[in-house]
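Chain by chain, the residues:
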Amino acid sequence: MGFWLLGHAAQAQPVFDIPQNTASVPLSHELEYFIDETGEWQPDSGEPAPGTWRKLRDRAGKGNFGFLRHPVWFRVVLRSPDASEWVWVVSTPQLEWVTWVLQRAGRPSERSDGGLGSLQHMQPPLQRLPEVTLSLAANEPVMVHMRVQSSGLMQVPTELWTPSVWRERERRSHALLGAYFGLLGALLAYNGFLALRLKDQAYGYYLGVGLSMGMFQLSSTGFGPSLLWTSQALWSYPILSMASTVFCFSAMQFTDSFLRVSRFSPRLSRVLRGTALAWVVVLLLHLGLPAHTVMGWVSLPLALWTVTLIMMAGVRGYRAGTPAAVYFLLGWGGVVLAVLLRMLLRMGLVPPHPLLYDGTLIASAAEMLLLSLALADRIMAERRARAEADVQRAREQVAREEAQRALREKSRFMAAVTHDLQQPIYALSLAAESMARRRADVVSSEALNQMQSAVFAADELLSSLAMQVRLDRDDLKPDIEVFSVQDMLERIDALFAARAQKSGLRWRVLPSLCEVRSNPLLLERMVCNLVSNAMRYTRAGGVLLSCRVRSAHLLIQVWDTGPGIPVREQSTVFEAHYRGSAAHSHDRGLGLGLSIVSRCAVLLDIRVGLRSVPNRGSCFELWVPMASPP
C-alpha cells in the first residue's frame, strides 16, 4: 500500500532533489497544501484527499494562513543524492499540533509529533520549535506529509537543516535569548530599585513595559513553553496575546507619564489615557472571547492607533523640549516598527522571514536600554532644573530682602523727617492762634490768613506723607472695632468748617448715629482726604458729607459742585501722584489723597465708588460694613 501511494504521489507531484553541499534548504515554496475541512483524513488511509492540492508558492501570504479552524495538510517528495540526515523545522513556536507522516517504498508509514501539545510528553531536552529528523537513503524518494492545526495564528515557514548546523544554530539562539533575558532582567531590577526609591510613576510603567515585553518574547520564541511552563504549553498563545495587550497599555501610560504630555498638550494626554483604558477593555475581552477573535477584530486596529499616538507624542515632546525625548523616539521607533511587522506577519499579511522574528528581540532589547537611559537622563535634567530653580529662588529672596531692607530704611527716614517737620509747624500753628487773638494790634488780617493757610497745607501734606509711609510697611495690620460715626463726623465738621468759610463754600455735614465695624483712625483719614480733595477743586457752590444706610453697609458720600472728572480720568484718579486736568498750578498737593483712600479701602474691606458729571460736580462713596445690619 505504501509503495503504491508513493508511486501515485510521485506521478502527481515532481520530486524535490535536495542540493548537495548545502547546510540549509528553504522548503516552503516546494510544498503543496490543502485545507482538511473534515479534520479526519490521513495520508496512509488509502482514501484520496478530500480537497485539491495546491502549490504553496502560488498562495497569497505564502505560508501564513492567519486564523484557521481546520487543519492544513502539506506534502512534498524528497530525494537526496547520497545517504544523509536532515532536520525538518517549522519556525513557528506557537503551533499547537504538528504531525509528520513519512512514506517509503515497501515500508510502513512513520509518524512523528511536534508542537506545543506534544511538549508535555517529550523527554528532555525539549524542542522550542516543531522539528523532526529525516533519514534519507541515496536516491530514495520519500513522501512527507505534515499536518498542522492551531487555535492561534497559523504560520508555516519550513526549512531543511543538516543536524550539526541546526544544533549549532540552536545553541547560538539559546545564547542570544539568554543574553536578552539577562539584560532585560538587569534593567528591570535596576529600574525597579529606582521606582521604589524615587516614587516616579514613569518607572512603574517602565517595569510594566519590560515585564510584558519579556512575557511576549518568552512565548513568541518558544523559550517559555519549552523551559518554564511545559505542562501548560498550550497556554502560550493566550499568554502571548495578553502580554501584547498589557504591553500596549503600559506603553500608553509610560508615554503620558514620561513625556509629561499634559504640560504641552492636555488634549493628547487625555487621548493617551483613554486609549490605555481601551486596552484594559481588550484585556477583559480576552477572558471571555477566543484569542483569534480579539486579535483580529480589536487588537490590530487599536495597535495601529497606539503606534500613531506614541510617535505623535514623541514628536510633540521633542518639539516641546522634553528631556530625553530623543532617546524615547529612537527606542520606541525601533520597537514599534518591529512589533508592527511582527503583528502583520502573525496576521498573515506579509510573507515570513527570519529577520522579522529576531527583529522584535533586537529592537526590544535596544528599546529597553534606550528607555532606561532616557529615564536616567530625564532625572538628571530635572535635578539640574530644580537646582537652577533653587538658585534663582535664593537670588530672588536676597533681592526681596534687600528691597524690604531699603523700604524699611526709607520708612524710618521718612518717619523721622515727618516727625522733625511736624514739631515746628505745630509751634507755628500755636503762634498763629495767639496772634489771631490780638491780630488787630500786631499783624494784618490778610497776613494772618496766609500764615494759617500755609500751616494747614503743610500739615496736610505731611499727614499724607506719613500715611503713605505707614501703608508702605508690610506689617501694617489695622485693628477692627465697632464705633459710632457721629464723633468722627463732628471732628471732620470742626476741621473743615473754617476752611470752607474762607473759601466761600457752603459746607454741610449730615449727622448719623450708626455704628460701623472698621478702624476709626484710617476711616477718618479716608473721609478727610475725600473732603479735602473736594474743597481743593471746588471754586463755587459747596461740599456735602452725608451717611445713608444701605443693607449691611453704611454709605458715606462726599458731594461737591466742582469741575467734575472726565470719564477718561476716572480709572486713574486713585493712582499715587496723579493730579487730574482740573488741578491748578498753585495747588500744593502731592497727589496722594485718593491713593491713600484706595489703599486703606483694601485694608478695611471697604468698597470705593465714584460718580461724576463734568462741569457739575462729583460724588465719592465709601461702603463701610455696619456693626449690626438692620
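All values reported here derive from a predicted model rather than from experimental measurement.

Bringing the overall build of the protein chain into the picture now. Counting its secondary structure elements, the protein chain contains 15 helices and 20 strands. Within the span of the protein chain, comprising 630 residues, buried residues form 47% of the whole. Surface exposure of the protein chain reaches about 31500 Å², of which carbon and sulfur atoms provide 58%.

For any two helices packed against each other, one specifies the crossing angle of their axes together with the interaxial distance. Contact geometry for helix α2 (residues 163-198) and helix α3 (residues 201-220): axes closest at 9 Å, N-to-C directions at 160°. As judged from the angle between their axes, α2 and α3 are roughly antiparallel. As α2 runs across α3, the sense of the crossing is left-handed. For the pair formed by α2 and α3, the contact residues are Tyr180, Phe181, Leu184, Leu187, Leu188, Asn191, Gly192, Leu194, Ala195 and Leu198 on the first element and Tyr203, Gly204, Tyr206, Leu207, Gly210, Leu211, Met213, Gly214, Gln217 and Leu218 on the second.

Take helix α7 (residues 266-288) next. Here α7 contains 23 residues, and its C-alpha end-to-end distance of 34 Å stays within 8% of the 33 Å for a straight helix at 1.5 Å per residue. Taken together, the buried positions of α7 are occupied by Leu268, Ser269, Leu272, Thr275, Ala276, Trp279, Val282 and His286. Those residues of α7 that are buried lie in contact with α5 (236-259), α6 (261-264) and α8 (291-319).

Moving on: the packing of α3 against α5. Closest axis-to-axis distance for the α3/α5 pair is 8 Å, and the angle between their directions is 155°. The orientation of α3 relative to α5 falls into the category roughly antiparallel. Along this stretch, α3 crosses α5, giving a crossing that reads as left-handed. Its residues assigned to classes, the contact of α3 with α5 shows 15 nonpolar, 10 polar and no charged.

So, on to the sheet that holds strand β7 (residues 84-90). Taken in spatial order, the 4 strands line up as β2-β13-β7-β10 in an open sheet, and their pairing is antiparallel. Each of the sheet's edge strands pairs with one partner strand only, and the pair in question is β2 (24-26) and β10 (131-136). Taken over all neighbouring pairs, the strand axes of this sheet differ in orientation by 25° on average, direction set aside. For β7 and β10, the ladder comprises 6 bridges, and the chain directions are antiparallel. Opposite Val87, over in β10, you have Thr133 as the bridge partner. The sheet contacts of α2 involve β7, β10 and β13 (158-161), and relative to β7 the element is tilted by about 40°.

Turning our attention to the packing of aromatic side chains. As enumerated under the stated definition, the model contains 15 aromatic pairs in all. With a centroid separation of 5.7 Å and 15° between ring planes, the pair formed by Phe181 and Phe223 is classed as stacked. Linking Phe181 in helix α2 with Phe223 in helix α4 (residues 223-227), this pair joins segments that are 42 residues apart in sequence. In this structure, Phe181 and Phe223 share a single accessibility class: buried. When the ring of Phe254 is compared with that of Phe258, the centres are 5.3 Å apart and the planes differ by 10°; the resulting orientation is stacked. Placement of the pair is Phe254 and Phe258 together in helix α5, with a separation of 4 residues, close to one helical turn. Here Phe254 and Phe258 have matching classes, each one buried. Members of the aromatic cluster, connected to one another through ring pairs, are Tyr206, Phe247, Phe254, Phe258, Phe328 and Trp332. Directly above the aromatic system of Trp623 lies the positively charged group of Arg607, at a separation of 4.3 Å from the ring centroid.

Reading across the sheet, the 5 strands line up as β15-β17-β18-β20-β19 and stay open at both edges, with mixed pairing between neighbours. Both outer strands of the open sheet, β15 (506-509) and β19 (607-613), are each paired with one neighbouring strand and no more. Recorded for the sheet is a direction-independent mean angle of 15° between the axes of neighbouring strands. Taken together, the 4 bridges between β15 and strand β17 (residues 542-550) define a ladder with parallel strand orientation. Looking across to β17, one finds that Trp507 is bridged to Val543. Where helix α14 (residues 520-537) meets the sheet, its contacts fall on β15, β17, β18 (553-560) and β20 (617-625), and the angle it forms with β20 comes to roughly 175°.

The subject of this paragraph is the pattern of salt bridges. Once their charged atoms are close, side chains differing in charge can pair, the charge on each being opposite to the other. For the coordinates displayed, the defined rule picks out 18 salt bridges. Overlapping salt bridges, with partners in common, bring together Asp200, Arg260, Arg378 and Glu382 in one network.

For the protein chain, mean pLDDT is 82; residues scoring 70 or higher make up 81% of the total. Put simply, helix α1 (residues 2-12) is where the protein chain has its lowest mean pLDDT, 43, and strand β6 (residues 72-79) is where it has its highest, 94. Under a pLDDT of 50 for its full length, residues 1-11 has, in the predicted model, 14 contacts with residues more than four places off or in other chains.

Calculation criteria
- Residues numbered from 1 in each chain as written.
- Predicted model: local features only at pLDDT ≥ 70, side-chain atom pairs only at ≥ 80, totals over all residues.
- Heavy atoms only, no water.
- Helix = DSSP H or I, 4+ residues; strand = E, 2+ residues; numbered from the N terminus.
- Buried < 20%, exposed > 50% of the residue type's maximum accessible area, 1.4 Å probe, protein only.
- Areas by Shrake-Rupley, 256 points an atom, 1.4 Å probe, with all protein chains shown as cover.
- Axes fitted to C-alpha atoms, helices over the stretch in contact; angles between N-to-C directions.
- Parallel < 35°, antiparallel > 145°, perpendicular 65-115°, else oblique.
- Left-handed = near helix turned anticlockwise from the far one by under 90°.
- Contact = heavy atoms within 4.5 Å.
- Expected span 1.5 Å × (residues − 1).
- Nonpolar A, V, L, I, M, F, W, Y, C, P; charged D, E, K, R; others polar.
- Pairing = 2+ DSSP bridges.
- Phe/Tyr/Trp six-rings, centres within 6.5 Å; stacked < 30°, edge-to-face > 60°.
- Lys NZ or Arg CZ within 6 Å of the ring centre and 35° of its normal.
- Salt bridge = Lys/Arg side-chain N within 4 Å of Asp/Glu carboxyl O.
- pLDDT = per-residue confidence, 0-100.

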